[in-house]
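The lines below spell out each chain.
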Amino acid sequence: MSKQVVQLNRVIIRFAGDSGDGMQLAGDQFTSRTASFGNDLSTLPDFPAEIRAPAGTIPGVSAFQLHFADHDITTAGDTPNVLVAMNPAALKANIKDLPRGADIIVNTDEFTSRNLTKVGYAASPLEDGSLESYAVHPIPLTSMTVEALKAFDITKKEAERAKNMFALGLLSWLYHRPTEGTLTFLKQKFAKKPEILAANIAAFEAGWSYGETTEDFSVQYEVKPAPMAPGRYRNISGNLALAYGLIAASQRAQLPLYLGSYPITPASDILHELSKHKKFGVMTFQAEDEIAGIGAALGASYGGMLGVTTTSGPGVALKSETIGLAVALELPLVIVDVQRGGPSTGLPTKTEQADLLQAMFGRNGEAPVPIVAPRSPADCFDAALEAVRIATTYRTPVFLLSDGYVANGSEPWRIPVVDELPDLAVEFASAPNHTREDGTEEFWPFKRDPETLARPWAVPGTKGLEHRIGGIEKADGTGNISYDADNHDKMVRLRQAKIDGITVPDLEVEDPDGDASVLVLGWGSTYGPINASCQMARRDGAKVAQAHLRHLNPFPANTGEVLRRYDKVVIPEMNLGQLALLVRGRYLVDAIPYNQVRGLPFKAEELAGVIKDVVASV
Amino acid sequence: MSKQVVQLNRVIIRFAGDSGDGMQLAGDQFTSRTASFGNDLSTLPDFPAEIRAPAGTIPGVSAFQLHFADHDITTAGDTPNVLVAMNPAALKANIKDLPRGADIIVNTDEFTSRNLTKVGYAASPLEDGSLESYAVHPIPLTSMTVEALKAFDITKKEAERAKNMFALGLLSWLYHRPTEGTLTFLKQKFAKKPEILAANIAAFEAGWSYGETTEDFSVQYEVKPAPMAPGRYRNISGNLALAYGLIAASQRAQLPLYLGSYPITPASDILHELSKHKKFGVMTFQAEDEIAGIGAALGASYGGMLGVTTTSGPGVALKSETIGLAVALELPLVIVDVQRGGPSTGLPTKTEQADLLQAMFGRNGEAPVPIVAPRSPADCFDAALEAVRIATTYRTPVFLLSDGYVANGSEPWRIPVVDELPDLAVEFASAPNHTREDGTEEFWPFKRDPETLARPWAVPGTKGLEHRIGGIEKADGTGNISYDADNHDKMVRLRQAKIDGITVPDLEVEDPDGDASVLVLGWGSTYGPINASCQMARRDGAKVAQAHLRHLNPFPANTGEVLRRYDKVVIPEMNLGQLALLVRGRYLVDAIPYNQVRGLPFKAEELAGVIKDVVASV
Amino acid sequence: MSETVDLGFPSLKLVPKTDVKQSAKDFKTDQEVRWCPGCGDYAILAGVQSFMPELGLAKENIVWISGIGCSSRFPYYMNTYGMHSIHGRAPAIASGLAMTRPDLSVWVVTGDGDALSIGGNHLIHALRRNVNLKILLFNNRIYGLTKGQYSPTSETGKVTKSTPMGSLDHPFNPVSLAIGAEASFVARTIDSDRKHLTETLRAAALHEGTALVEIYQNCNIFNDGAWDPLKDADHRDSLTLRLEHGKPITLVDGSRGVVRGADGHLDIVDVESVGIENVLVHDAHRDDPSLAFALSRLSDSHTLANTPIGVFRDVRRAVYDETFQAQVATAKAGGTADLQSLLSGSDTWEIA
Amino acid sequence: MSETVDLGFPSLKLVPKTDVKQSAKDFKTDQEVRWCPGCGDYAILAGVQSFMPELGLAKENIVWISGIGCSSRFPYYMNTYGMHSIHGRAPAIASGLAMTRPDLSVWVVTGDGDALSIGGNHLIHALRRNVNLKILLFNNRIYGLTKGQYSPTSETGKVTKSTPMGSLDHPFNPVSLAIGAEASFVARTIDSDRKHLTETLRAAALHEGTALVEIYQNCNIFNDGAWDPLKDADHRDSLTLRLEHGKPITLVDGSRGVVRGADGHLDIVDVESVGIENVLVHDAHRDDPSLAFALSRLSDSHTLANTPIGVFRDVRRAVYDETFQAQVATAKAGGTADLQSLLSGSDTWEIA
Ligand SMILES: Cc1ncc(C[n+]2csc(CCOP(=O)(O)OP(=O)(O)O)c2C)c(N)n1
Ligand SMILES: Cc1ncc(C[n+]2csc(CCOP(=O)(O)OP(=O)(O)O)c2C)c(N)n1
Ligand code: SF4
Ligand code: SF4
Ligand SMILES: [Mg+2]
Ligand SMILES: [Mg+2]
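Residues numbered from 1 in each chain as written. Chains lettered and ligands numbered in written order. Predicted model: local features only at pLDDT ≥ 70, side-chain atom pairs only at ≥ 80, totals over all residues. Heavy atoms only, no water.

**Student:** What is the right way to look at the coordination of the magnesium ion (ligand 5) in this model?
**Tutor:** A four-donor tetrahedral metal ideally has 109.5 degree angles, and a six-donor octahedral metal ideally has angles of 90 or 180 degrees. Residue and element names in this part refer to chain C. Listed as protein donors to the magnesium ion (ligand 5) are Asp112 (OD), Asn140 (OD1) and Ile142 (O); their distances from the metal cover 2.0 to 2.2 Å. Each donor residue of the magnesium ion (ligand 5) lies on one chain, and together they are spaced D-x27-N-x1-I. Its relative accessible area of 6% is what places Asn140 among the buried residues. (Donors = N, O, S within 2.8 Å, 3.2 Å for Na, K, Ca; no water. Buried < 20%, exposed > 50% of the residue type's maximum accessible area, 1.4 Å probe, protein only.)

Now the structure itself:
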């Protein structure tokens with residue numbers, strides 16, 4: 001039976017189920033196929049902090065959202081066109097996000113009265129008419145999967161577990177996805193369990209056939225590939241791109257990468273990834289805590305490695321004192337903070353941008369540290385290279401401020417050509433740099449490069465440059481301990497001037513018509529939603545420009561000038577106004593903060609509304 | 001022989017010598033006598049980070065400066081009228097601060113060629129004419145002391161050590177200081193060593209007699225007592241006043257005081273002081289590190305104690321994560337940060353104000369913490385009471401931001417009447433606070449007081465209120481774990497609103513003529529120098545007003561209005577402009593930062609010059 | 001549950017007693033338990049909840065404090081006071097509470113990562129101070145909550161997400177570490193052995209001072225079967241050494257026992273060949289911790305052969321909170337606390 | 001100074017050798033030494049400086065890393081590379097350096113507060129990992145730099161600024177703690193005994209892996225005479241037990257010696273009455289750390305009677321930096337590292 005094929009520009013799918021239902025995996029696979037099919041895409045995994053939260057409960061729901069399109073998109077989308085709800089909890093937790101008319105595929109097997117009560121449904125929503133404005137597809141996913149697998153020599157539990165593959169098969173059919181990649185993936189994953197492999201393939205195929213045969217689905221959709229710049233592409237998540245960026249930077253700098261880290265969500269995957277790449281000379285050390293992690297990284301930097309530490313907000317808090325030491329020692333170090341919901345333990349698996357001011361100021365004394373923030377999953381790669389460039393050029397710790405959304409989300413990435421990556425070669429000090437009055441040569445560890453103000457990086461093992469450094473204030477030049485008042489004032493200002501003087505590219509403004517009166521300024525992972533919302537607002541006639549800061553410290557030199565060009569500046573952030581404070585304080589521009597602290601990215605439509613209101617008020 | 005007596009309005013004396021020369025002790029004693037004599041006064045100890053820095057070197061110089069007057073003064077003074085220099089290093093390190101005509105009392109015994117070379121004097125400054133614009137009094141202090149004590153059964157070393165008493169005796173004579181207190185002090189100090197006691201007294205008397213007999217001193221000075229509000233006074237240092245303030249607060253709150261701390265300069269003395277007062281129910285715990293110190297204090301707060309932790313900047317960095325937990329738990333806690341020079345180990349014995357932004361933002365997530373800063377040594381007492389009031393009323397950690405200058409400096413203090421101190425009584429929760437739909441009563445640990453937004457403080461041991469709290473986000477009201485997006489946004493805003501809503505007194509402006517066009521805004525220990533400089537500027541005709549922030553978070557409600565009243569606002573700080581950033585960002589006032597980061601308080605005269613320039617530019 | 005009066009629990013003498021009969025149910029909360037199905041934490045929770053009534057304490061005077069980790073979710077499920085704090089810091093927080101509130105029974109729950117990795121320092125300091133805390137260390141030889149990295153108790157060579165070529169670290173033996181840190185009470189038990197778990201909790205509760213109980217716990221998601229040799233009926237009795245004060249130390253099946261070798265170190269030999277009377281008799285109350293230490297070294301970190309289970313050491317020495325409170329009491333007894341005269345000091349002057 | 005080639009220092013096999021003859025003077029810097037006159041740190045510095053040439057290493061391949069404290073000023077006075085870091089963190093920083101630079105000889109200087117109070121966790125983890133570090137712990141039983149608070153090694157009851165009524169904490173025994181933390185090398189020596197200090201440094205330098213050397217050091221300002229019983233000529237020989245591998249363990253004066261008691265624990269008895277042949281012979285190389293641990297318990301924390309001095313334990317086990325580097329080497333040998341193909345991965349598509 002061949003069905004009607006409808007062309008769509010874009011689709012948003014959300015898979016939702018229990019933590020054990022394999023929704024992240026199904027989502028990942030759908031995403032990979034979608035990527036290689038050539039759509040532009042953006043994903044948003046959203047899962048609880050527990051390993052397996054209680055089955056059937058709302059807090060236990062694990063979801064994966066994918067937005068794909070035949071054109072350039074920048075967010076995972078606001079309102080799903082399709083929801084796959086593996087149980088009542090998944091339905092209840094997600095229904096409020098669905099627009100009327102959305103497709104809902106529900107696993108009716110789980111709609112038992114016990115499960116319904118568990119989440120507070122008095123009656124089954126499948127029967128009480130409450131879903132009548134949606135296109136509901138009730139399917140006994142579990143039992144159909146079990147049925148399809150009855151020939152296999154596996155337990156019932158194992159058979160039931162394959163229901164995510166059934167759902168994936170159905171969705172793959174519905175959106176005309178290629179299947180080969182999924183099969184390859186399964187073959188790798190279950191290489192050692194042939195029976196399970198066969199069962200999973202069978203479940204996938206059963207789902208596919210179900211779509212083809214059931215009358216419940218009368219149309220099949222197609223989303224054409226998106227036009228993209230020529231090149232070879234892959235799909236990539238932020239944490240992976242960040243890890244690759246660090247490896248690439250290490251190769252381009254010819255400095256062995258050394259990671260000192262302590263596991264913490266959502267940063268652990270960078271540790272996991274880097275630990276796989278010893279053959280690139282990458283060394284990873286799981287330390288006893290965050291303090292030891294950064295300490296070891298700093299020790300390695302001192303020894304001439306590319307020292308890196310990865311963590312999330314609570315870990316940054318613990319590393320503060322050592323970051324201060326790194327500032328005083330003026331050694332390169334990259335501190336990756338994958339921000340999550342705070343304060344304290346907060347919402348470990350959710351996203352937030354509330355560590356900006358911690359990164360700026362979370363240390364005793366005047367201890368400036370440059371900050372670089374990626375704007376999207378793929379951008380993590382470039383941001384990592386940029387962080388390394390700054391760290392090694394200026395001999396300073398650098399913050400790389402990612403977040404949970406960027407880290408776990410994914411998007412297509414044009415694979416860079418290695419030889420075209422920036423050359424990050426570094427020169428170690430190898431000879432004395434100062435001549436005494438009596439003509440003898442000596443080494444001054446704090447004699448600065450006049451241009452960058454960086455001090456020499458003289459690594460142990462270099463003959464003749466033996467010297468001592470430490471956290472006590474040092475005399476300008478010689479680096480000897482100094483309690484002198486004027487010297488301290490000078491050193492404080494020199495360290496600040498070094499950071500202020502870092503060359504960073506100018507802030508670019510996107511203003512298609514060139515006549516905007518309102519600027520929307522953002523940083524980090526809000527790029528996507530802000531971009532989408534500006535586009536929406538423009539479609540509705542609002543004159544609005546967008547600018548996005550990759551460098552939070554120092555700001556691009558033209559920032560003040562850019563801001564002053566507009567009547568109003570809006571700063572949307574997933575915090576209570578941290579960039580807004582910095583920008584207002586620095587440039588005295590009456591920037592309007594727009595804040596949400598919901599653990600989730602902004603919805604573009606909502607943000608577009610805010611922007612249109614501001615534009616209307618000018 | 002009776003000498004001419006000259007009346008002076010004010011005098012600045014600086015004692016300077018090696019770390020082992022007993023300069024701090026001599027200064028302390030001179031100060032105590034001066035205080036009980038009724039002068040207004042202000043002191044500035046200044047010593048190296050080493051216990052006994054190398055003898056005879058510039059970094060080893062330990063100094064103590066005292067400013068006393070017959071009128072109200074607020075700084076330890078810029079330029080000493082008298083320098084006591086126990087060796088060439090002390091002379092060399094301090095000479096640049098002396099105005100022409102100043103008296104210099106030098107211990108000639110130490111002006112050996114070895115000691116002179118050590119500090120780079122080619123010839124003896126006592127002989128090469130380089131001191132001719134000063135009134136130099138060359139005295140063989142050491143040998144005269146040894147000579148005076150030769151009758152005693154003590155070693156030569158012990159005799160030499162008494163030279164500070166000889167100097168003190170001489171100065172006491174010179175400025176007509178009462179002697180009784182010094183004798184009482186010595187009797188207590190050397191109660192168990194009668195021979196040493198007698199020797200010290202003899203040395204002191206020898207110094208006094210020397211002044212009386214030598215022709216080198218032709219005049220004796222007198223500084224009349226200063227008019228002060230009626231009452232009983234004592235001299236007090238900042239750390240002592242702060243410790244007393246905490247004890248008083250504990251008594252007035254009827255909450256046992258529990259200090260969890262780890263020693264660090266310049267905060268350790270608060271630990272030392274509090275550990276003496278167990279009879280007030282004060283409990284002190286020297287923990288294994290700063291994290292354990294604050295952890296234990298938080299545990300004690302949870303148990304219904306007044307939990308306090310004391311530290312300096314590097315210790316705050318380590319405590320950051322736990323402060324975040326305290327914010328999430330909403331428990332009272334006082335965090336005392338006696339700021340010192342940074343970053344990193346920095347200048348441990350010097351002063352600085354560079355932890356303000358760390359106190360504001362040094363934690364992951366949105367974790368607002370109120371900040372109170374004392375303006376002078378005596379004010380530490382009141383500031384401590386205020387910090388406790390906020391902590392217990394609003395159930396929040398509070399920063400008490402002192403600094404090395406306030407902590408070690410001293411001034412006369414009108415002893416408060418205990419019964420007139422604010423009543424800080426606290427009520428613990430004792431019964432359920434919420435009625436379920438079915439009519440049963442239950443306890444909601446996060447149900448807030450509608451006015452203060454504080455949550456109930458229900459301490460373990462209270463029957464029927466058993467509940468669990470933690471650092472994960474909590475549902476508004478019930479306090480159960482919640483990953484809900486809207487709840488998180490609400491809780492983040494509620495915590496912020498609670499802090500923003502703290503009632504703090506309005507900002508007061510001192511503008512004697514009421515027609516100033518320039519406002520000088522300060523916070524913390526800069527009060528004294530700013531006040532003195534404003535007075536100087538006014539004397540020179542500058543129209544200038546002064547306002548001083550005790551509350552840095554939240555700011556007083558009228559702050560914006562006050563700032564906008566002036567054409568220009570100047571913010572002098574011992575950092576690179578931290579308050580300035582906050583004020584500019586918050587109120588969009590183009591405040592002008594004036595910064596010095598020298599480890600020392602501002603000099604009033606210099607600051608007066610800056611102020612006059614700004615006034616002139618309006 | 002048995003009568004409570006007899007035991008007396010000297011360590012809890014200042015804690016108010018309950019006047020109602022309690023059961024395990026009284027210690028359950030209404031919160032959904034959020035561990036993976038099959039996790040060993042469930043068994044420990046059930047064991048603790050059914051042991052609690054034996055203490056006979058007013059429920060409101062019991063406090064559970066934990067760090068972060070799967071295990072550290074424990075307090076949410078105990079219907080007493082509780083705090084789920086931050087990673088590694090529970091012993092410090094609990095110390096502040098226990099020191100100031102002798103009327104509370106304070107329990108700490110922690111994991112092998114929480115206690116021995118990030119929290120190692122607080123743990124060893126709590127042990128040497130001997131604060132009246134009962135610390136339950138759930139050892140699953142893995143970081144559960146962060147999804148399976150190796151921990152300080154993982155066997156060398158462990159392949160995990162962060163160690164694809166195998167871990168390099170030599171593991172801590174928590175019992176050896178605790179004894180080296182001057183612990184006055186150290187015991188070990190297993191999640192699945194309810195009876196032994198209960199006995200061990202009882203011994204810990206009876207102890208005055210810090211009691212460290214290592215509980216071998218199964219993480220069926222990331223390190224399933226870590227302790228299987230000590231659990232499965234076929235092997236456990238020939239692998240587990242039972243430590244009982246005053247009894248000869250033998251494997252549970254009695255086949256082999258511990259003897260002191262010629263050069264002084266402990267050997268494990270056939271009981272029959274030496275005679276049970278020559279098997280070392282356990283003495284948990286020895287002041288000298290050397291025997292307890294030597295016993296802690298008998299087990300093999302990989303095969304788990306000769307793993308001692310039970311109380312290694314249980315001695316009475318000064319309890320920190322007692323001496324802490326005693327100093328305050330002495331000071332208070334030594335004179336009245338007059339705030340006014342404190343503020344005034346001895347060196348004042350009057351302005352009229 | 002003696003020839004260096006013989007010793008070989010297997011732990012330093014990858015560190016470049018010097019080709020010039022060195023003397024103590026070569027290791028002095030131009031920085032003024034900023035300790036109080038009379039401080040025990042001077043003697044240790046002099047001892048270390050005169051020992052250094054014996055290593056025969058290129059000076060630039062030696063690094064000294066310290067924390068914060070009086071003792072931690074040490075690196076400023078050693079004319080090698082050096083870092084004066086932050087309080088308690090030196091073992092972590094040094095681990096990162098040592099792991100990545102097998103061509104360096106890395107030494108850590110720390111104090112009883114730095115190493116055992118704030119830095120306790122890093123210390124025990126460095127010990128269990130067995131990174132190739134030599135850690136010198138200057139134990140003066142006091143916080144010197146912060147002007148005299150009690151430390152984790154202070155005897156209970158110590159009156160200090162923070163403990164006017166006496167400290168309550170039971171002290172750590174650094175040797176016991178280290179052994180409990182799986183240390184492969186632990187020794188103790190005294191600042192004033194140059195010969196023994198040098199011997200001990202040599203043994204530590206020879207050891208492959210982490211070596212912890214506790215050095216009893218006098219702080220003449222805040223805790224003067226803390227170790228006097230072990231120093232003054234009248235008593236020291238009757239208080240100090242000398243540990244020398246393969247030799248009977250007796251007091252220096254030979255009067256009393258260590259024997260194994262009937263119940264297995266160590267006794268100190270009159271040598272004459274038992275005969276020297278029955279005195280326990282020291283075996284520092286035993287795999288089982290129980291004997292070393294038992295020896296560490298012999299001394300009295302107050303009187304210092306029976307204080308063992310020397311190498312308690314010195315065993316060879318996997319060295320962290322070696323296995324760490326070996327994994328990298330294995331991975332490198334296992335295939336070429338092609339960055340381009342890493343970035344590409346396996347699942348790509350082409351847009352023309
Ligand atoms: C400061 C900080 N660092 C890291 C983490 C991440 N983290 C949470 S639990 C954990 C380890 C848990 O292991 P364990 O204590 O053994 O507990 P388990 O989950 O195995 O019960 C880590 C690393 C955190 N929450 N906070
Ligand atoms: C984070 C931090 N906390 C506290 C201090 C203050 N501090 C410096 S040294 C020290 C203790 C020193 O004792 P120890 O390690 O025994 O060294 P010693 O001075 O006795 O040689 C302390 C508490 C600090 N510098 N940094
Ligand atoms: S991850 Fe392991 S330890 Fe954590 S709840 Fe699941 S089974 Fe238990
Ligand atoms: S205070 Fe003590 S340890 Fe520090 S330098 Fe002086 S004598 Fe040495
Ligand atoms: Mg674990
Ligand atoms: Mg010390």
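**Student:** Quick question: what am I supposed to make of unusual backbone geometry here?
**Tutor:** Among all residues except glycine, the phi angle is most often negative; among peptide bonds, the trans geometry is most common. Residues and elements named next belong to chain A. Omega for the bond connecting Asn553 with Pro554 falls within 30 degrees of zero, at -5 degrees, which places this linkage in the cis form. Tracing the backbone shows Pro554 in the loop between β23 (551-553) and α18 (559-564). Despite not being glycine, Ser344 shows a phi value in the positive range, around 55 degrees. Inspection of the secondary structure assignment puts Ser344 in the loop between β13 (333-339) and α13 (356-361). The phi torsion at Leu453 lies on the positive side, around 65 degrees, for a residue other than glycine. With respect to the element layout, Leu453 can be found in the loop between β18 (441-442) and β19 (468-470). (Helix = DSSP H or I, 4+ residues; strand = E, 2+ residues; numbered from the N terminus.)

**Student:** What is the right way to read the pairing of strand β21 (residues 518-523) of chain A from this model?
**Tutor:** Regular strands place their side chains on alternate faces of the sheet. Residue and element names in this part refer to chain A. The element β21 is largely enclosed, with a buried count of 6 among its 6 residues. Here β21 shows two buried faces, one formed by Val518, Val520 and Gly522 and the other by Leu519, Leu521 and Trp523. Inspection of the sheet shows β21 paired to strand β24 (residues 568-573) by 3 bridges, in the parallel sense. Note on β24: the bridge partner recorded for Leu519 is Val569. (Pairing = 2+ DSSP bridges.)

**Student:** Help me out: how do you make sense of the packing of helix α11 (residues 290-302) of chain B against helix α12 (residues 313-329) of chain B in this one?
**Tutor:** Residues and elements named next belong to chain B. For the pair α11 and α12, interaxial distance at closest approach is 8 Å and the crossing angle is 25 degrees. Classified by the angle their axes make, α11 and α12 are roughly parallel. Seen along the crossing, α11 lies across α12 with a hand that is right-handed. When α11 is examined against α12, the residues Glu290, Ile291, Gly293, Ile294, Gly295 and Leu298 are found in contact with a partner set consisting of Gly315, Leu318, Lys319, Thr322, Ile323, Leu325, Ala326 and Leu329. (Axes fitted to C-alpha atoms, helices over the stretch in contact; angles between N-to-C directions. Parallel < 35°, antiparallel > 145°, perpendicular 65-115°, else oblique. Left-handed = near helix turned anticlockwise from the far one by under 90°. Contact = heavy atoms within 4.5 Å.)

**Student:** Is there a simple way to explain the packing of aromatic side chains in this structure?
**Tutor:** When we look at a pair of aromatic rings, we describe it by the centre distance and by the angle of the planes. Applying the stated criterion to the full structure yields 48 aromatic pairs over all chains. Where Phe381 of chain B meets Trp413 of chain B, the ring centres are 5.0 Å apart and the plane angle is 55 degrees; that geometry is what we call tilted. Residue Phe381 of chain B is found in helix α14 (residues 379-394), and its partner Trp413 of chain B is found in strand β16 (residues 410-414); the two are separated by 32 residues along the sequence. You'll find Phe381 of chain B and Trp413 of chain B in the same group, each marked buried. Each ring, one from Tyr320 of chain C and one from Phe324 of chain C, has its centre 5.9 Å from the other, and the planes form 25 degrees; the classification is stacked. Of this pair, Tyr320 of chain C and Phe324 of chain C both sit in helix α10 (residues 320-333), separated by 4 residues, roughly a single helical turn. (Phe/Tyr/Trp six-rings, centres within 6.5 Å; stacked < 30°, edge-to-face > 60°.)

**Student:** What should I look at first to understand the relation of the copies chain A and chain B in this one?
**Tutor:** What relates the two chain copies is a rotation about an axis together with a slide along it. Superposition of chain A onto chain B requires a rotation of 180 degrees combined with a translation of 0.0 Å along the rotation axis, giving an RMSD of 0.1 Å. Here the transformation between the copies is reduced to the relation of a two-fold axis. A shared interface surface links the copies, since 100% of the contact residues of chain A are contact residues in chain B too. (Least-squares fit on C-alpha atoms with pLDDT ≥ 70 in both.)

**Student:** I tried to follow the sheet that holds strand β9 (residues 231-237) of chain A on my own but got confused; where do I start?
**Tutor:** Hydrogen bonds between backbone atoms are what pair the strands of a sheet, whose relative direction is either parallel or antiparallel. Spatially, 3 strands are ordered β16(A)-β9(A)-β12(D) in an open sheet, and the strand pairing comes out antiparallel. Both edges of this open sheet fall to β16 (410-414) of chain A together with β12 (348-351) of chain D, since each of them pairs with a single strand only. Geometrically, the sheet is characterised by an average inter-axis angle of 35 degrees between neighbouring strands, direction not taken into account. Sheet topology places β9 of chain A next to β12 of chain D; 4 bridges connect them, and they run antiparallel.

**Student:** Looking at this structure, I do not really get the environment of Lys279 of chain A. What am I missing?
**Tutor:** When you line up the elements, Lys279 of chain A lands in the loop between α10 (268-274) and β11 (283-286). Residue class for Lys279 of chain A comes out partly exposed when judged on its relative accessible area of 35%. Along the primary structure Lys279 of chain A and Ile154 of chain A are separated by 125 residues, whereas in three dimensions their C-alpha atoms are 39 Å apart. Apart from the residues lying within four places of it in its own chain, the contact partners of Lys279 of chain A are Ala331, Lys332, Gly335, Thr336 and Ala337 of chain D.

**Student:** So what exactly am I meant to see when it comes to the site of ligand 4 here?
**Tutor:** As a matter of local geometry, ligand 4 sits amid Ile51 of chain B together with Trp35, Cys36, Cys39, Cys70, Asn140, Gln217, Cys219, Asn220, Ile221 and Phe222 of chain D. Two or more chains meet at ligand 4, and those chains are chains B and D. Counted by class, the shell around ligand 4 contains 8 nonpolar, 3 polar and no charged residues. (Near = heavy atom within 4 Å. Nonpolar A, V, L, I, M, F, W, Y, C, P; charged D, E, K, R; others polar.)

**Student:** In this structure, what is going on with the interface of chain A and chain B? I would like to understand it.
**Tutor:** Quite often, the size of an interface is put as the accessible area lost when its parts meet. Listed by partner, the interface residues are 66 residues for chain A and 66 residues for chain B. Our count for the chain A to chain B interface comes out at 2 salt bridges. The shortest N-O distance in the salt bridge between Asp486 of chain A and Arg598 of chain B comes to 2.8 Å. Mapped onto the side of chain A that touches chain B, the elements with two or more residues apiece are α12 (313-329), α13, α16 (485-500) and α19 (578-587) of chain A. Here the side of chain A that touches chain B takes 10 residues from α12 of chain A, the largest share from any one element. When its residues are assigned to classes, the side of chain A that touches chain B shows 27 nonpolar, 23 polar and 16 charged. (Salt bridge = Lys/Arg side-chain N within 4 Å of Asp/Glu carboxyl O.)

**Student:** Please explain a positive patch on the surface as it appears in this structure.
**Tutor:** Residue and element names in this part refer to chain A. Taken together, the side chains of Lys157, Arg161, Lys189 and Lys193 present a region of like positive charge at the surface. Structurally, Lys157 can be placed in helix α5 (residues 156-161). By relative accessible area, which is 61% here, Lys157 ends up exposed. (Patch = residues over 30% accessible without salt bridge, like charges linked within 9 Å, V, L, I, M, F, W, Y side chains within 5 Å. Areas by Shrake-Rupley, 256 points an atom, 1.4 Å probe, with all protein chains shown as cover. Lys, Arg positive; Asp, Glu negative; His and termini not counted. Charge placed at Lys NZ, Arg CZ, Asp CG, Glu CD.)

**Student:** It is not clear to me how the pattern of salt bridges should be interpreted in this structure. Could you clarify?
**Tutor:** Opposite charge on two side chains lets them pair, provided their charged atoms get close. All names here are of chain C. The final tally for this structure, using the stated rule, is 90 salt bridges over all chains. A salt bridge links Asp283 to Arg286, with the nearest nitrogen and oxygen atoms 3.5 Å apart. For Arg286, a relative accessible area of 12% translates into the label buried.

**Student:** Is there a simple way to explain the site of ligand 1 in this structure?
**Tutor:** Neighbouring ligand 1 are 21 residues, the closest being Glu290 of chain A together with Cys70, Ser71, Asp112 and Asp114 of chain C. With respect to ligand 1, the backbone of Cys70 of chain C contributes an N or O atom lying 2.8 Å from an oxygen atom. Within the contact set of ligand 1, an oxygen atom lies 3.1 Å away from a backbone nitrogen or oxygen of Ile142 of chain C. Here ligand 1, which alone exposes 590 Å², has 98% of that area covered by the protein. Of all the elements, helix α3 (residues 112-118) of chain C adds the most residues to the shell around ligand 1, at 3 residues. Of the residues that constitute the shell around ligand 1, the class distribution is 9 nonpolar, 8 polar and 4 charged. (Polar contact = N/O pair within 3.5 Å; in protein donor to acceptor, adjacent residues only side chain to side chain.)

**Student:** I would appreciate a short explanation of the side chain of Ser261 of chain A in the present structure.
**Tutor:** All names here are of chain A. Within the element layout of this structure, Ser261 appears in strand β10 (residues 257-261). Reaching out from Ser261, the side chain makes a polar contact with the side chain of Thr310 at a distance of 2.8 Å. Look past the residues within four positions of Ser261 in its chain and what remains in contact with it is Leu271, Phe285, Gln286, Ala287, Gly293, Thr309 and Thr310.

**Student:** I keep staring at the environment of Leu356 of chain B and nothing clicks. Help me out?
**Tutor:** Checked against the element boundaries, Leu356 of chain B lands in helix α13 (residues 356-361). The spacing of Leu356 of chain B and Leu66 of chain B is 290 residues in sequence and 28 Å in space, taken between C-alpha atoms.

**Student:** Help me out: how do you make sense of the domain arrangement of chain A in this one?
**Tutor:** All names here are of chain A. We note that the domain assignment places domain 1 (4-223), domain 2 (234-420) and domain 3 (509-617) within chain A. Each of domain 1 and domain 2 has a C-alpha centre, and these two points are 34 Å apart. Facing the 15 residues of domain 1 at the interface are 10 residues of domain 2. When domain 1 packs against domain 2, close to 960 Å² is buried across both sides, 54% of that on carbon and sulfur atoms. Per-residue buried area on domain 1 facing domain 2 is highest for Leu41, Thr43 and Phe47; these three make up 39% of the total on that side. In this structure, the connection of domain 1 to domain 2 is made through 1 salt bridge. Put simply, Asp46 and Lys350 hold a salt bridge, and the shortest N to O gap is 3.0 Å. At the boundary of domain 1 with domain 2, the tally comes to 4 residue pairs in polar contact (both at pLDDT 80 or more). Within the residue set of the side of domain 1 that touches domain 2, elements represented by two or more residues are α1 (23-37) and β3 (40-46). For the side of domain 1 that touches domain 2, a count of residues per class yields 8 nonpolar, 5 polar and 2 charged. (Domains from an automatic or database assignment. Buried area = accessible area lost by both parts, 1.4 Å probe.)

**Student:** How should the sheet that holds strand β4 (residues 61-69) of chain A be read in this particular structure?
**Tutor:** Residues and elements named next belong to chain A. An order of β3-β4-β2-β5-β6-β7 is seen for the 6 strands of this open sheet, with the pairing classed as mixed. The open sheet is flanked by β3 and β7 (135-139), the only strands paired with a single partner. Strand-to-strand twist in this sheet, taken as the mean axis angle between neighbours without regard to direction, amounts to 15 degrees. Sheet topology places β3 next to β4; 7 bridges connect them, and they run antiparallel. For Leu41, the partnering residue across the bridge sits in β4 and is Phe68.

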